[in-house]
Amino acid sequence: ARDTATVRYFVDDLDAAVAFYRDALGFHVELRPAPTFAMLYRGDLRLLLTVPGEPHVLPDGTLPEPGGHNRISLLVDDLATRVADLRRAGATVRGEITAGISVDTVLLQDPAGNPVELIAPRAGYHERASGDAQPTRPDGPSTPNEEEPQ
């Protein structure tokens, strides 16, 4: 079994959400077994899109809604070109590209209002190597027997 990160987004229009993630962001549709659920992949990220209903009702009777501030971040090569293409395609882009410490970033909004962050690496960007289970420190990799400072 591979290590796969899974994110669930609640959406109000499954067709629009699937089209957005597939056509605008390059996800592959893996499953679409019901009119209220779809499973998509982009690399090792599994995205579950769900129209909220009875199985999702919280104990207080609240039904989850799309939107909020949690988001997925997707790495792209040429952020400016990607944003221009998405705007031409009618995607909702929240603001302009922002320069961060190690990435440039911009927020999109999917058709249900869920935020999606696009990031492009800058000098100093770090990502754990594939299959690297041990955290690394600036002075080198830690070893399993090394105690962390208190």
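Structure's up top.
Residues numbered from 1 in each chain as written. Predicted model: local features only at pLDDT ≥ 70, side-chain atom pairs only at ≥ 80, totals over all residues. Heavy atoms only, no water.

### Here's the deal with the pattern of salt bridges
Scanning the model with the defined rule gives five salt bridges in all. Between Arg88 and Asp85 there is a salt bridge, and its shortest N-O distance comes to 2.3 Å. A residue pair is termed a helical-turn pair when its members lie 3 or 4 positions apart in one helix, as Arg88 and Asp85 do in helix α2 (residues 79–88) at three residues. Residue Asp85 is classed as partly exposed on the basis of its relative accessible area, which comes to 36%. (Salt bridge = Lys/Arg side-chain N within 4 Å of Asp/Glu carboxyl O. Helix = DSSP H or I, 4+ residues; strand = E, 2+ residues; numbered from the N terminus. Buried < 20%, exposed > 50% of the residue type's maximum accessible area, 1.4 Å probe, protein only.)

### What about the sheet that holds strand β7 (residues 103–109)?
Taken in spatial order, the four strands line up as β5-β8-β7-β6 in an open sheet, and their pairing is mixed. Only two strands of the sheet have a single partner each, and these edge strands are β5 (72–75) and β6 (92–99). On average, each strand axis in the sheet is tilted by 20° relative to the strand beside it, whichever way the strands run. The pairing of β6 with β7 spans five bridges and is classified as antiparallel. (Pairing = 2+ DSSP bridges. Axes fitted to C-alpha atoms, helices over the stretch in contact; angles between N-to-C directions.)

### Some words on the nonpolar core
Counting residues in hydrophobic clusters, the biggest one holds 29 residues, and the most contacted among them are Tyr21, Leu25, Phe27, Leu49, Val116 and Leu118. Broken down by secondary-structure element, the contributors of at least two residues to this core are α1 (14–24), β3 (37–42), β4 (45–50), β5, α2, β7 and β8 (115–121). Counting residues per element, this core draws most heavily on α1, which supplies six residues. Val116 has contacts with Tyr9, Phe20, Tyr21, Leu25, Ile72, Leu74, Val106, Leu107 and Leu108, leaving out every residue within four places of it along the chain. (Core = buried A, V, L, I, M, F, W, Y, C linked by side-chain atoms within 4.5 Å. Contact = heavy atoms within 4.5 Å.)

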